Amino acid sequence: MQVPANFDVLVEEATQLDLYKKLVEQLNKDFLLANIDADFHEEILPSSLKIMLHETIYELIQHKFTEYLNLLYIIDVPEHQVRQLDGDDTIQLAEQVSFLILKREWQKVWYRNKF
């Protein structure tokens, strides 16, 4: 599996493989497991998904840091990747973490579909 380099490549690949809806379902499932109230509609546009996920992660970092860490654990975002990010700008950090989350969720969906 070739790991997508950015959000647009990830969404394009998911759409081409007809797995975008599964990606959104996986996000909803893991957010529910983490007990975080974020429900992404299955028909959400990729641009809206990106914005909503970014806003949700930003709010978690700012106000519910324990829940944020729990979400990263449940989704299984590699800790070393999160540690490599620059935490000085919270808005940029939230955007980068959002992509790491989507990338990990995409791996789960892709492997489930492939095998």
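Residues numbered from 1 in each chain as written. Predicted model: local features only at pLDDT ≥ 70, side-chain atom pairs only at ≥ 80, totals over all residues. Heavy atoms only, no water.

1. Points about the overall build of the chain
Argument step 1. In terms of regular secondary structure, the chain is built from six helices and zero strands.
Argument step 2. What you see in the chain, going N to C, is helices and strands ordered as α-α-α-α-α-α.
Argument step 3. Expected size for 115 residues packed as a compact globule is a radius of gyration near 13 Å; at 13 Å, the chain falls within 12% of this value.
Argument step 4. Its C-alpha atoms give the chain principal-axis dimensions of roughly 35 × 25 × 25 Å.
Argument step 5. A buried classification covers 40% of the 115 residues belonging to the chain.
Argument step 6. Of all intrachain contacts in the chain linking residues separated by at least 6 positions in sequence, the fraction that spans at least 24 positions is 67%.
Argument step 7. Here the chain holds 11 positive side-chain charges and 20 negative ones, and the gap between their average locations is 8 Å. (Helix = DSSP H or I, 4+ residues; strand = E, 2+ residues; numbered from the N terminus. Rg over C-alpha atoms; globule rule 2.2 N^0.38 Å. Buried < 20%, exposed > 50% of the residue type's maximum accessible area, 1.4 Å probe, protein only. Contact = heavy atoms within 4.5 Å. Lys, Arg positive; Asp, Glu negative; His and termini not counted. Charge placed at Lys NZ, Arg CZ, Asp CG, Glu CD.)

2. A short note on helix α6 (residues 90-114)
Argument step 1. The end-to-end C-alpha distance of α6 is 36 Å, a good match for the 36 Å that 25 residues give at a rise of 1.5 Å each.
Argument step 2. One side-chain oxygen of the residue at the start of α6 lies 3.2 Å from the amide nitrogen of Ile91, identifying that residue as Asp89. (Expected span 1.5 Å × (residues − 1). Polar contact = N/O pair within 3.5 Å; in protein donor to acceptor, adjacent residues only side chain to side chain.)

3. So, the pattern of salt bridges
Should the charged atoms of two oppositely charged side chains come close, the side chains can pair.
Argument step 1. For the structure shown, the criterion picks out five salt bridges.
Argument step 2. Glu43 serves as the salt-bridge partner of Lys21, at 3.1 Å between the closest nitrogen and oxygen. Here Lys21, found in helix α2 (residues 20-33), pairs with Glu43, found in the loop between α2 and α3 (46-63); they are 22 residues apart in sequence, far enough to count as distant.
Argument step 3. We classify Lys21 as partly exposed; its relative accessible area is 37%.
Argument step 4. For Asp30, the salt bridge is made with Lys108, and the minimal N-O distance between the two is 2.8 Å. Here Asp30 is found in helix α2, whereas its partner Lys108 is found in helix α6, with 78 residues between them in sequence. Neither Asp30 nor Lys108 differs from the other in exposure class; each is buried.
Argument step 5. One network of salt bridges, in which partners are shared, links Asp30, Glu105 and Lys108. (Salt bridge = Lys/Arg side-chain N within 4 Å of Asp/Glu carboxyl O.)

4. Describing helix α4 (residues 65-75)
Argument step 1. Of all the residues in α4, the buried ones are Tyr68, Leu71, Leu72 and Ile75. The buried residues of α4 occupy one face: seen down the axis, they fall within an arc of 95°. Away from its buried face, by an angle of more than 90 degrees, α4 presents the exposed residues Thr66 and Tyr73.
Argument step 2. One or two steps after α4, the chain reaches Asp76, where phi turns positive at roughly 75°. (Arc of directions from axis to C-beta.)

5. Comments concerning the environment of Ala5
Argument step 1. With respect to the helices and strands, the residue Ala5 is situated in the segment before α1 (7-16).
Argument step 2. Sequence-wise, Ala5 and Phe99 are 94 residues apart; in three dimensions their C-alpha atoms are separated by 9.5 Å.

6. Overview of a nonpolar patch on the surface
Argument step 1. On the surface, a nonpolar cluster with roughly 360 Å² of combined accessible area is contributed by Met1, Tyr111 and Phe115.
Argument step 2. Position of Phe115 among the secondary structure elements: in the segment after α6.
Argument step 3. On the basis of relative accessibility, which here comes to 74%, the residue Phe115 falls in the exposed class. (Patch = residues over 30% accessible without salt bridge, like charges linked within 9 Å, V, L, I, M, F, W, Y side chains within 5 Å. Areas by Shrake-Rupley, 256 points an atom, 1.4 Å probe, with all protein chains shown as cover.)

Just geometry here; none of it tells us what the structure is for.
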